Amino acid sequence: MPEAPPLVAAERAAHPLPADLLKGLHRTMLRIRRFEERAVELFLTQELPGFLHSYLGQEASAAGVCAALRRDDYITSTHRGHGHVIAKGLQLDRMMAELYGRTTGYCKGKGGSMHIADFSRGILGANGIVGGGIPIAVGAALSAKMRRSGQVVATFFGDGASSQGAFHEAANLASCWTLPILFVCENNQYAVSTHCGAQMRIPDVALRGASYGFPGIKVDGNDPVAVYLVTSDAVERARAGGGPTLIETKTYKWLGHYVGDPGAYRPKEEVAGWKANDPLPRYERYLIERGVMGEAEIEAVRGEVHAEVEAAVEFARSSPLPRPEDALEDFYA
Amino acid sequence: MPEAPPLVAAERAAHPLPADLLKGLHRTMLRIRRFEERAVELFLTQELPGFLHSYLGQEASAAGVCAALRRDDYITSTHRGHGHVIAKGLQLDRMMAELYGRTTGYCKGKGGSMHIADFSRGILGANGIVGGGIPIAVGAALSAKMRRSGQVVATFFGDGASSQGAFHEAANLASCWTLPILFVCENNQYAVSTHCGAQMRIPDVALRGASYGFPGIKVDGNDPVAVYLVTSDAVERARAGGGPTLIETKTYKWLGHYVGDPGAYRPKEEVAGWKANDPLPRYERYLIERGVMGEAEIEAVRGEVHAEVEAAVEFARSSPLPRPEDALEDFYA
Amino acid sequence: MSEIFYKEAVRDALREEMLRDERVFLLGLDIGRFGGTYKATQGLWEEFGGERVRDTPLSEAAIAGCAVGAAMTGLRPVAEIMYIDFTTIAMDQIVNQAAKLGYMSGGQARIPVVFRTQEGAGRSSAAQHAQSLEAWFAHIPGLKVALPATPGDAKGLLKTAVRDDAPVMFIEHKLLYNTRGEVPEGEYTIPFGEARICREGSDVTVVALSRMVLRALEAADRLAGEGIRVEVIDPRTIVPLDIDTIVASVEKTGRLVVAHEAYTRCGFGAEIAAQVMERALYSLEKPLKRVCGKNLPVPFAPVMENFVIPGADDIVRAVKELL
Amino acid sequence: MSEIFYKEAVRDALREEMLRDERVFLLGLDIGRFGGTYKATQGLWEEFGGERVRDTPLSEAAIAGCAVGAAMTGLRPVAEIMYIDFTTIAMDQIVNQAAKLGYMSGGQARIPVVFRTQEGAGRSSAAQHAQSLEAWFAHIPGLKVALPATPGDAKGLLKTAVRDDAPVMFIEHKLLYNTRGEVPEGEYTIPFGEARICREGSDVTVVALSRMVLRALEAADRLAGEGIRVEVIDPRTIVPLDIDTIVASVEKTGRLVVAHEAYTRCGFGAEIAAQVMERALYSLEKPLKRVCGKNLPVPFAPVMENFVIPGADDIVRAVKELL
Ligand SMILES: Cc1ncc(C[n+]2csc(CCOP(=O)(O)OP(=O)(O)O)c2C)c(N)n1
Ligand SMILES: Cc1ncc(C[n+]2csc(CCOP(=O)(O)OP(=O)(O)O)c2C)c(N)n1
Ligand SMILES: [Mg+2]
Ligand SMILES: [Mg+2]
């Protein structure tokens, strides 16, 4: 069985990255972490309606990818999308308000957790249909190319989504038209209860790039710098007209499929192993070792992020509920 | 760009095949050729309703594949399916009757040219939806496996069909379950007017086997022996529980997409080149060189096949038309 | 009679049919050890093993198509499509293949496949997880369509579906899985095409589908307090449809309300309206009322979601407007 | 006025809109040099080049999804799905994405996409190439649905569709491409939601869709010979629907026939019936008649195909039965 190219974390030394960028990655991961922890609590105490797919454990993947994007670059996201949109720059308050179904939410309470969008930030929406966002992202990439805007698109999807026909059709189309797009497969090992080994008979989704004639690269999805570096290369290629790249970030979701799913289908040791590989302390150690940040500064950021999340909860709680008839607004057909 | 494994025609000498088999391939090719020539004539003189997708030029592909199958093995076919079902053993008279929309046709005039089926011969139907037959074939393979019948399935589809999500989903599923199935992509270079080079950015559909963890092999689709040998290996593997194989037969359709399409999108030299590579005389030369058949015997077979086709036309013409209310029969829901 | 949950009724039906006929098997997403999103297959993987309770990759088109191919070749698959919203990915296999190949082959193919899925809003899951799309399938000749509203019907109709030689869309409702109801002891099946008169009444006929049957009964209860006698009819299968029972009721009451969660426009209520108009126009004393989902995507926030989905109040109001 | 073919009307509309607005572009199978299966895009590739007239791989889900993404980000794509039967492969993108994302994003997204496709039987293409599925799309809030019956309407409605900020299903008919009709000189558009009274009459109202409009006019002609005055109405768009015009006509005639090729059950005729029943029940003197496709897959052989698809004779018969 062929293997996809090796992890790039080792290449770090060759690419000294600016401290700002490294700090930014850290803050993003922390914002995701804290937002998600809080959302889980609020969900379990039944303050939040609907259901919730937690991004806990995968923070490095979104942070690394989005740090390599411009503000006007596009992303499409998934049912497990909070991390993506936080990394792409959304405000936690309006996000939290959306989770609460308030009028101040990004989608005025019409979308909810699974559907956060902010077009002003290039966020074309999360998607409740697994794989549904991938062809849409290809369309955005075509649009960027036709409008000669220089924008690039990153479309996030899971290991499970790579079994969808939509992935295949979209990847092939993007290849035929040499579009500026990154197919970012976040392989968190499971699609609901189905292990990726039962979802496909190849070790890496990244290998599928070869079916479309573009590079497929796997990367340690718990290493934000590695993800950033791989993504940057792909973005550069895409912007220069070199076409698509498939990036597989190997990571793990800590909780089960949705909040409330105990995830009993997973071996305990597996979960423990990945939790021991928590991307956040690992990256903080790295920052300290490299002298980018000190303990105190890290602690200060933690405090800021905590406060930001609490303020977001306050904002959401005190925001108005929609009126029933608001359902009639924002409908154009 | 990686290349799929090379043509196997050269390996022939190592596999001396029985004369019966070699003669059978020849007769099958001739039966397809003559049936199709006649159908085209009948269509152009407006004796046949609907539309017609001609298999002319591709005869070696169906003949080679089906010669490697058992009578009870299954196939699913396509809009360009006459060759497949002739090679799988159908009678020309009931086929022709179906093209005429007569009650004596295989589907009693309900299916027509694009939908010939004969379950008693393992022919699960041709399909008007490009790619539509592929998941169905996977289901038949699952059924064969669950029933422990030892049957194998071959699903035919075109180069264009390989862009369909259904192909991807079906191939991956067959791989996950190690099913006894052959994915036979007949790459006749075009999907309607779209050259396969505009349909994908890889040289061979065969390369896509790697996305699913099973072999992908390309073969000269105008060489019935080569196709037979490759298929036989794959069938053997499948029957032994070794799972799927993707086989790409490189060939060419002589006429345009449907009868009546002048195919103006194709360079004249390309058409001429492929016609010069006519699989039939080429194979006949081979048979003569190898001493399997003499000119006279070949001529005799030609005569028999001509007569068979004429009889089929007669049978169809003299068969009863359905009554309008026959539309109400054969409906079970 | 014993009281069980709707999800148990589904599970029991599958289990009994699998025990009865070894050709019956299940495939779908996370139906194995996980027991299905709504736990309707819980325990079956343990009992029958992974050969007959097959978790699939995340590929709805392949799930449906694989079921069609298996059904054509001697097996009797029950394919689960997790949400009816995801049938959009499997439509070719359901509509162009399963529904048509029997006919197109001149009657050679039998395609005894059941597509189990669930529909409905009410869980703040937003517009892509809350549709009720039964009318789509009812439009397509070659598919039967069942919508059980109670555990008893779920069990009896599902057993019938598994035994039917034609493709069946078996549409459960996500908010019914945890409802309880009486189920007869021992083996039973419920024939397709026989409506159930859930409550007799002479003033107004309410034809309700799926979970709206419960809302209709609730409304009927409340209206009974005011002396208004509502007849509640659950067609149970919409293809085939027991129009005779509906027409007989309308001939008695002269007034018709249809209630379903599906979008009003081109919902199955329209078909009922048309058939009543064809067969019993002169019996109608008042215009039709449709108490159906609004013609809007289902919004996330509960207060808006409740607004677009009809409830018992809406039925009460509609009935009163007809008097 | 000049007489042109329906396919030319489609082509002219696309061409004029592409000239007017550089954001408009086309994508689909074989629409480029090949000019489209029914030649409705002929010449556009030569005029606008492969950037704006884009041949795609054989991937309907990607075609539709790509159009949605392009529409969200500033372009105005017209995506061709070669046969409406193949929308089954693109349903998720059309129904869950195009129709809903504008709403779900709280109104942020505008999705000005046109899905051009064609439907109908009559060419012995068998059941997978002969459906008329407009009711599916009319069921889904968030999609507009147009069904032009004449070259004039094809051109005017398509131009409106391209300019609309909501997704539009633009459904042509395969047997209309080679029909001719008058088209106004110069720029014009036809608003959505305005029915056309194709022929006035006071005895019976016939509401017909797509190619059945022609059959209805033929029937009306023949009936006129017997002194029967039929009013023929073509809604032209079914979402939005000009129900007022239909109701006004029924109030005049008291008799309603609906005619479409789509399967009868859950066809759009049922929706018209329901709306008339809601709005004009007391005006109806006779039961509704539906002259629609039989509830059967479309068979291949011409004699059987003609049997399942309604024609002018069937309309004549239905009208007479109402008198
Ligand atoms: C087309 C479709 N099928 C099924 C589902 C139900 N579902 C939601 S998430 C999910 C698993 C997705 O797995 P993966 O793509 O690996 O993403 P992850 O949840 O692991 O982030 C499933 C089956 C869906 N939303 N859409
Ligand atoms: C899903 C679908 N899309 C489009 C078509 C129209 N169509 C029929 S055959 C064909 C081309 C098929 O190309 P290929 O798979 O290479 O087969 P070939 O015709 O070359 O044998 C197309 C586009 C169809 N029948 N089904
Ligand atoms: Mg996953
Ligand atoms: Mg081809």
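Visitor: Account for the overall build of chain C, with residues named and values stated.
Guide: Each helix and strand counted, chain C has twelve helices and 14 strands in total. With respect to the principal axes defined by its C-alpha atoms, chain C has extents near 55 × 45 × 40 Å. Long-range contacts, defined as pairs at least 24 residues apart, comprise 82% of the intrachain contacts of chain C with a sequence gap of at least 6. Entry remark: accessible area of chain C is about 8,400 Å², with carbon and sulfur atoms responsible for 45%. Separation between the mean location of the 37 positive side-chain charges and that of the 44 negative ones in chain C comes to 2 Å.

Visitor: Would you mind going over the relation of the copies chain B and chain A in detail, with residue names and values included?
Guide: In screw terms, the move from chain B to chain A is a rotation of 180° and a rise of 0.0 Å along the axis, fitting with an RMSD of 0.0 Å. Both chain copies can therefore be described as sitting about a two-fold axis. When each C-alpha of chain B is compared by its distance to the rotation axis, Gly165(B) comes out closest, at 1.7 Å. Comparing contact sets, 100% of the residues at the interface of chain B also lie at the interface in chain A, consistent with an isologous, same-surface contact.

Visitor: Could you give an account of the environment of Ala195(C), with specific residues and numbers?
Guide: Residue and element names in this part refer to chain C. Inspection of the secondary structure puts Ala-195 in the loop between strand 8 (180-183) and strand 9 (196-199). For the pair Ala-195 and Asp-242, spaced 47 residues apart in sequence, the C-alpha separation works out to 5.6 Å. Ignoring any residue separated from it by four or fewer positions in sequence, one finds Ala-195 in contact with Ile-233, Asp-234, Pro-235, Arg-236, Asp-242 and Thr-245.

Visitor: Quick rundown of the sheet that holds strand 13 (residues 256-263) of chain D? Include the residues and the values.
Guide: Residues and elements named next belong to chain D. In spatial order, the strands read 9-11-10-13-14; together these five strands make up an open sheet with mixed pairing. The open sheet is flanked by strand 9 (196-199) and strand 14 (289-293), the only strands paired with a single partner. This sheet shows a mean twist of 25° between the axes of neighbouring strands, independent of strand direction. Taken together, the four bridges between strand 10 (residues 204-208) and strand 11 (residues 230-234) define a ladder with parallel strand orientation. In the sheet register, Thr-205 faces strand 11, and the bridge partner there is Glu-231. Its contacts with the sheet put helix 10 (residues 268-280) on strand 10, strand 13 and strand 14, and the angle it makes with strand 13 is roughly 150°.

Visitor: Could you give an account of the site of ligand 1, with specific residues and numbers?
Guide: The immediate surroundings of ligand 1 are formed by 23 residues, with His79(A), Arg80(A), Gly128(A), Lys253(A) and Glu60(C) found nearest. Close to ligand 1, residues of chains A and C are found. A distance of 2.7 Å separates an oxygen atom of ligand 1 from a polar side-chain atom of His79(A). The side chain of Asp159(A) places a nitrogen or oxygen atom 2.8 Å from an oxygen atom of ligand 1. If ligand 1 stood free it would expose 580 Å²; the protein chains cover 97% of that surface. Looking at the shell around ligand 1 residue by residue, the class counts come to eleven nonpolar, eight polar and four charged.

Visitor: Hey, could you go over the coordination of the magnesium ion (ligand 3) for me, with residue numbers and the actual values?
Guide: All names here are of chain A. Only Asp-159 (OD), Asn-188 (OD1) and Tyr-190 (O) from the protein coordinate the magnesium ion (ligand 3), and they sit 2.0 to 2.1 Å from it. All donors to the magnesium ion (ligand 3) come from one chain, and their sequence spacing reads D-x28-N-x1-Y. By the burial criterion, Asn-188 is buried, and Tyr-190 matches it.

Visitor: I'd like a description of the sheet that holds strand 13 (residues 256-263) of chain C, backed by residues and values.
Guide: Residue and element names in this part refer to chain C. Pairing is mixed across the open sheet formed by five strands, whose spatial order is 9-11-10-13-14. Each of the sheet's edge strands pairs with one partner strand only, and the pair in question is strand 9 and strand 14 (289-293). For this sheet, the mean angle separating the axes of adjacent strands, direction not counted, is 25°. Taken together, the four bridges between strand 10 (residues 204-208) and strand 13 define a ladder with parallel strand orientation.

Visitor: Give me the lowdown on the domain arrangement of chain C, citing residues and values where you can.
Guide: Residue and element names in this part refer to chain C. Parsing chain C into structural domains produces domain 1 (2-183) and domain 2 (196-322). A straight line from the C-alpha centre of domain 1 to that of domain 2 covers 26 Å. Taken residue by residue, the interface counts 30 residues in domain 1 and 26 residues in domain 2. Interface of domain 1 and domain 2: buried area, both sides summed, is about 2,100 Å²; carbon and sulfur atoms make up 61% of it. Summed over the three residues of domain 1 that lose the most area to domain 2, namely Ser-124, Leu-147 and Ala-149, the buried surface amounts to 22% of that side. For the pair domain 1 and domain 2, the interface holds two salt bridges. Asp-153 is the partner of Arg-196 in a salt bridge, and the nearest nitrogen-oxygen pair spans 3.2 Å. One can count 13 residue pairs in polar contact (both at pLDDT 80 or more) joining domain 1 with domain 2. Elements with a contribution of two residues or more to the side of domain 1 that touches domain 2: helix 6 (134-139), strand 6 (144-146) and helix 7 (151-163). Its residues assigned to classes, the side of domain 1 that touches domain 2 shows 16 nonpolar, nine polar and five charged.

Visitor: Summarise the pairing of strand 11 of chain D; cite the residues concerned and give the values.
Guide: Residues and elements named next belong to chain D. Along strand 11, five of the five residues are buried, which leaves the element largely enclosed by surrounding structure. Relative to strand 11, strand 9 is paired through three bridges, and the arrangement is antiparallel. Residue pairing in the sheet places Arg-196 in a bridge with Asp-234 of strand 11. One crossover worth recording links strand 10 to the parallel strand 11 by way of helix 8 (residues 212-225), and it is right-handed.

Visitor: Could you give an account of the site of ligand 2, naming the residues involved and the relevant values?
Guide: Looking at ligand 2, there are 23 residues lining it, with His79(B), Arg80(B), Tyr190(B), Lys253(B) and Glu60(D) nearest. What surrounds ligand 2 is not a single chain but chains B and D. In this structure, an oxygen atom belonging to ligand 2 sits 2.7 Å away from a main-chain N or O atom of Tyr190(B). Its residues placed into classes, the shell around ligand 2 shows eleven nonpolar, eight polar and four charged.

Visitor: So what about the coordination of the magnesium ion (ligand 4)? Which residues, and what values?
Guide: All names here are of chain B. Asp-159 (OD), Asn-188 (OD1) and Tyr-190 (O) make up the full set of protein donors to the magnesium ion (ligand 4), lying at 2.0 to 2.1 Å. All donor residues of the magnesium ion (ligand 4) come from one chain, and their arrangement in sequence is D-x28-N-x1-Y. Placement of the pair is Asp-159 in the loop between strand 2 (153-158) and helix 6 (165-176) and Asn-188 in the loop between strand 3 (181-187) and strand 4 (190-191), with a sequence separation of 29 residues. Just as Asp-159 is buried, Asn-188 falls in that class too.

What counts, and where the lines are drawn
Residues numbered from 1 in each chain as written. Chains lettered and ligands numbered in written order. Predicted model: local features only at pLDDT ≥ 70, side-chain atom pairs only at ≥ 80, totals over all residues. Heavy atoms only, no water. Helix = DSSP H or I, 4+ residues; strand = E, 2+ residues; numbered from the N terminus. Contact = heavy atoms within 4.5 Å. Areas by Shrake-Rupley, 256 points an atom, 1.4 Å probe, with all protein chains shown as cover. Lys, Arg positive; Asp, Glu negative; His and termini not counted. Charge placed at Lys NZ, Arg CZ, Asp CG, Glu CD. Least-squares fit on C-alpha atoms with pLDDT ≥ 70 in both. Pairing = 2+ DSSP bridges. Axes fitted to C-alpha atoms, helices over the stretch in contact; angles between N-to-C directions. Near = heavy atom within 4 Å. Polar contact = N/O pair within 3.5 Å; in protein donor to acceptor, adjacent residues only side chain to side chain. Nonpolar A, V, L, I, M, F, W, Y, C, P; charged D, E, K, R; others polar. Donors = N, O, S within 2.8 Å, 3.2 Å for Na, K, Ca; no water. Buried < 20%, exposed > 50% of the residue type's maximum accessible area, 1.4 Å probe, protein only. Domains from an automatic or database assignment. Buried area = accessible area lost by both parts, 1.4 Å probe. Salt bridge = Lys/Arg side-chain N within 4 Å of Asp/Glu carboxyl O. Right-handed = clockwise from strand over helix to strand, strands pointing away.

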